[in-house]
Amino acid sequence: MKLSIVTICLNNLTELKRTVESITTQTYDEYEYIVIDGGSTDGCAEYIKKTSRIDQYLSEPDKGIYNAMNKGIRMAHGEYCLFMNSGDTFYDKNVLQKVLPNLTGGDFYVGHSILNEDGATTLRRTPQKMTAKFLLETSIMHQSTFIRTALLKDKPYNENHKIVSDWEYFFYEWIFNNKQYIPLDIIVSVFYLGGISNNQKSLQQNETERNEVINKLLPRRIQQELLQKEQPPVIEKNKVEQKIEKALSKPPIQRDLKLLRNSFKFLIQDCWHSTFKRQKK
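Residues numbered from 1 in each chain as written. Predicted model: local features only at pLDDT ≥ 70, side-chain atom pairs only at ≥ 80, totals over all residues. Heavy atoms only, no water.

A. Structural view of the overall build of the chain. The secondary structure content of the chain amounts to eleven helices and nine strands. The proportion of buried residues among the 281 residues of the chain is 42%. Pairs at least 24 residues apart make up 75% of the contacts formed inside the chain by residues separated by at least 6 positions. With the model as given, the accessible surface of the chain reaches about 16600 Å², and the carbon-plus-sulfur share is 51%. (Helix = DSSP H or I, 4+ residues; strand = E, 2+ residues; numbered from the N terminus. Buried < 20%, exposed > 50% of the residue type's maximum accessible area, 1.4 Å probe, protein only. Contact = heavy atoms within 4.5 Å. Areas by Shrake-Rupley, 256 points an atom, 1.4 Å probe, with all protein chains shown as cover.)

Right, here's the structure in full:
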């Protein structure tokens, strides 16, 4: 089997239904669908049990997002895993039909994403070329990332972090283990802003966890070098520009007199040079 899709949820039945409908109505249906519920009390578990297209499920308390995702990894039989957590959806019904032929043995295949914030949408493109600078500043979207399952089974997500472990996973595997990053020019998912990773408290925790990972893995000198912004080229000013700039720094009347004096001075010089050139000819 080529693909295992894993959805995790906890007490968000409306969002779960949106995700399940998006997945189960794909035109390509040769995939395994796994749902991990953290012991919901709002009807999620009952909904999961009666949805026939869900191949495997668990409904029990967990220790957080990545503990739940690791449970899904252990249950997965597909060659690749995609994590489409509750609330998020595929871009359209033909995504898997377009993506699956491209999964040909690489490690990470990453497509584009749509960010949806209260109905306002923004296209977030995955970079054509991956760089360490990109990873230090942002991340790839796990909803649009197809990961070789063998990698995840060999090294599951870090459960000590609450928010950044999917970013940490790719950061480590790409930089230190030389795993392949393969961009897909396909819009894969729609990510609905407003979940756990987007409230103010979580944004602060996100930054704290990211800094912890970066400081652990990269020396400070390398961080500074990667994040150093390119300096604009220094353009030397000619004499006219220097004179004007100096004049503009003076009080109004002095400024105006200085500008007039410089104007006459350069006018005389230009006339002289022009006359001299005609005489030489």
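B. Structural detail: the environment of Ser165. Within the secondary structure, Ser165 is located in helix H7 (residues 165-176). On the basis of relative accessibility, which here comes to 1%, the residue Ser165 falls in the buried class. Not counting the four nearest positions on each side in its chain, Ser165 is found in contact with Tyr66, Tyr157 and Asn158.

C. Region of the structure containing the pattern of salt bridges. With the rule as written, the count across this model stands at eight salt bridges. Ionic pairing is found between Glu137 and Lys133, a salt bridge with its closest N-O pair at 2.8 Å. Linking Glu137 with Lys133, this pair stays in helix H5 (residues 132-137), spanning four residues, or about one helical turn. For Lys133, a relative accessible area of 30% gives the class partly exposed. (Salt bridge = Lys/Arg side-chain N within 4 Å of Asp/Glu carboxyl O.)

D. Geometry of the environment of Cys9. Within the element layout of this structure, Cys9 appears in strand S1 (residues 3-9). Sequence spacing of Cys9 and Ile36 is 27 residues, and the spatial spacing of their C-alpha atoms is 6.4 Å. Among all residues touching Cys9, those that are not within four sequence positions of it are Leu16, Val35, Ile36, Asp37, Gly38, Ser40, Cys44, Ile48 and Ser86.

E. Structural detail: the side chain of Ser189. For Ser189, the location among the structural elements is in strand S9 (residues 181-192). Since its relative accessible area comes to 0%, Ser189 is described here as buried. Separated by 2.7 Å, the side chains of Ser189 and Ser144 make a polar contact. The residues contacting Ser189, other than those within four sequence positions of it, are Met84, Thr89, Phe90, Tyr91, His112, Ser113, Ile114, Gln143 and Ser144. (Polar contact = N/O pair within 3.5 Å; in protein donor to acceptor, adjacent residues only side chain to side chain.)

F. Highlighting the packing of aromatic side chains. Counted under the stated rule, the structure contains nine aromatic pairs. Aromatic side chains Tyr157 and Tyr169 sit 5.2 Å apart centroid to centroid with 65 degrees between the ring planes, which places their arrangement in the edge-to-face category. Placement of the pair is Tyr157 in the loop between helix H6 (149-154) and H7 and Tyr169 in helix H7, with a sequence separation of twelve residues. A residue is classified by how much of its surface remains accessible, and Tyr157, at 5% relative accessible area, is buried. A relative accessible area of 2% places Tyr169 in the buried class. Ring plane angle 35 degrees and centroid distance 5.2 Å describe the contact between Trp167 and Phe171, whose orientation is recorded as tilted. Of this pair, Trp167 and Phe171 both sit in helix H7, separated by four residues, roughly a single helical turn. Look at Trp167 and you get buried, because its relative accessible area is 5%. Through pairs of rings, three or more aromatic residues link up here, namely Tyr66, Phe83, Phe108, Tyr157, Tyr169, Phe170 and Tyr181. The ring of Tyr31 has Arg53 sitting right over it, with the charged end atom 4.1 Å from the ring centre. (Phe/Tyr/Trp six-rings, centres within 6.5 Å; stacked < 30°, edge-to-face > 60°. Lys NZ or Arg CZ within 6 Å of the ring centre and 35° of its normal.)

G. Here's a closer look at the nonpolar core. Counting residues in each nonpolar core, the largest one holds 33 residues, and the members touching the most others are Phe83, Leu152 and Tyr157. Considering each element in turn, this core owes the most residues, five residues, to helix H3 (residues 65-75). Once residues lying within four places of it in the same chain are set aside, the contact partners of Leu152 are Ile73, Cys81, Phe83, Ile147, Tyr157 and Tyr169. Leu13, Ile23, Tyr33 and Tyr80 belong to the second-largest nonpolar core, a separate cluster that totals 28 residues. (Core = buried A, V, L, I, M, F, W, Y, C linked by side-chain atoms within 4.5 Å.)

H. Representation of the side chain of Ser144 within the structure. Residue position: Ser144 is located in the loop between H5 and strand S8 (145-148). Relative accessible area serves as the criterion here: at 0%, Ser144 is assigned to the buried category. Each residue touching Ser144, except ones within four places of it in the same chain, is listed here: Leu82, Tyr109, Val110, Gly111, His112, Ser113, Val188 and Ser189.

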